[in-house]
Amino acid sequence: MSRHHYGARLHDYTERGYRTLALENSLIRVEVLADKGTDIVSYLHKPSDTDFMWHRAGGLRSAPLESSPRGVGEYVFVDAYEGGWQECFPNGGQSVFYKGAELPFHGELLTVPFEVEVLEDVPEKVSVRLSTETMRTPFRLEKTLTLGADSGVLEIRECLSNLADEPFDVMWGHHPAFGPPFVDDSCRIDLPACQGTTERSDPWPGSELEFAVPFDWPMAPRRDGSRRDLSVVPPPESRIADWVRLHGFAEGWYGVTNGRRQVGFGLRWDTEVFPHLWFWHVFGGMPGYPWYGRNYNFALEPWTSHPDGGLLRAIENGSARHLAARETVETRLLAVAYSGVERINGISESGVVL
């Protein structure tokens, strides 16, 4: 790993029993759990000392996790969920049986270790390739993280390969969650023009939005007949919890900006691969397991498919991604830290905030 102490640099160390990588320059520091699904557990904007990621109360559990209470379905994900940013594949939502295998809630990648290959480690740029193969399904995922010396942009290039001689339907998504101190009621969410609807068949405690009613971003219909501006983050005492699907993007980008700090996080993604954006938010709502009313956070998640119900439901509604035998899919995401503004109007293909 890096022996220089300036420009871009790469650190390799152990955090609570997990091999951890940190890509760092003068603007940002991004910490990645190579031994746990490549979770991004911290995305720190150094000039403002702002970590964008949400951190669950209690934080990251030490490895190994065998002594932790484990169950089936959602519990497998939630019990080990420390916050941050996960990659979910080949299932999203409840566990399902597909082609003879049980696919867990949010998929197989969540706890698996990735192999690490350092591609570049010089002051001008650091780049590392992370790769793994799933166990119950026949896939290989390679992702390359790259950070330049003076850049607030983390580039993520991904290559997903179906290794089987038969086709598969899958769900694939990125699950970045944001929380305090970055998130407060001065935060605003900017998106290109898109449509939205709620998807869940059962309301969460604190849910206030009308079910299955289409709307244009950001004005979502409440069940009481009024409308809520989803671009405005409410305070914790609002006790709101809802799950919205956004779609119909001409371009895939969003910006979350804290008005008080004038610092923000943006994401640009490929809408050909991820045409849906899940907006999961718990602003003090959802009493009982697993959050007990303690959460003030939200996630904006690019996905291949509709939320709620897992892969079998996605196959039924036509939103599952179909991969032919031996097919490979490549895609690219840009995670961007920016400052000095209260709202944004876009993110270019090179990561420039507009």
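The structure this text deals with has already been given above.
Residues numbered from 1 in each chain as written. Predicted model: local features only at pLDDT ≥ 70, side-chain atom pairs only at ≥ 80, totals over all residues. Heavy atoms only, no water.

Undergrad: In this structure, what is going on with the pattern of salt bridges? I would like to understand it.
TA: Any two side chains of opposite charge can pair, so long as their charged atoms come close to each other. All told, the structure shown has 25 salt bridges when counted by the stated rule. Close ionic contact of Arg29 with Glu24 constitutes a salt bridge, the shortest N to O distance being 3.0 Å. Here Arg29 and Glu24 have matching classes, each one buried. Here Lys36 makes a salt bridge to Asp39, at a shortest N to O gap of 2.9 Å. (Salt bridge = Lys/Arg side-chain N within 4 Å of Asp/Glu carboxyl O. Buried < 20%, exposed > 50% of the residue type's maximum accessible area, 1.4 Å probe, protein only.)

Undergrad: Explain the side chain of Glu301 to me, please; I cannot follow it from the model alone.
TA: Mapped onto the elements of the fold, Glu301 is located in strand β24 (residues 296-303). A residue is classified by how much of its surface remains accessible, and Glu301, at 2% relative accessible area, is buried. For Glu301, the contacting residues outside a window of four places in its chain are His174, His175, Pro176, His276, Leu277, Trp278 and Trp280. (Helix = DSSP H or I, 4+ residues; strand = E, 2+ residues; numbered from the N terminus. Contact = heavy atoms within 4.5 Å.)

Undergrad: How should the side chain of Ser161 be read in this particular structure?
TA: Structurally, Ser161 is set in strand β12 (residues 153-162). A distance of 3.1 Å separates a polar atom in the side chain of Ser161 from a polar atom in the side chain of Thr328. With residues near it in sequence (within four places) discarded, Ser161 still touches Pro138, Phe139, Arg140, Glu327 and Thr328. (Polar contact = N/O pair within 3.5 Å; in protein donor to acceptor, adjacent residues only side chain to side chain.)

Undergrad: Please clarify how the packing of aromatic side chains should be interpreted in this entry.
TA: A complete count under the given rule lists 26 aromatic pairs for this structure. Ring geometry for Tyr43 and Phe265: centres 5.3 Å apart, planes at 90°, overall edge-to-face. Of this pair, Tyr43 sits in strand β4 (residues 39-45) while Phe265 is found in strand β22 (residues 263-269), placing the two residues 222 residues apart along the sequence. When sorted by exposure, Tyr43 lands in the same class as Phe265, which is buried. (Phe/Tyr/Trp six-rings, centres within 6.5 Å; stacked < 30°, edge-to-face > 60°.)

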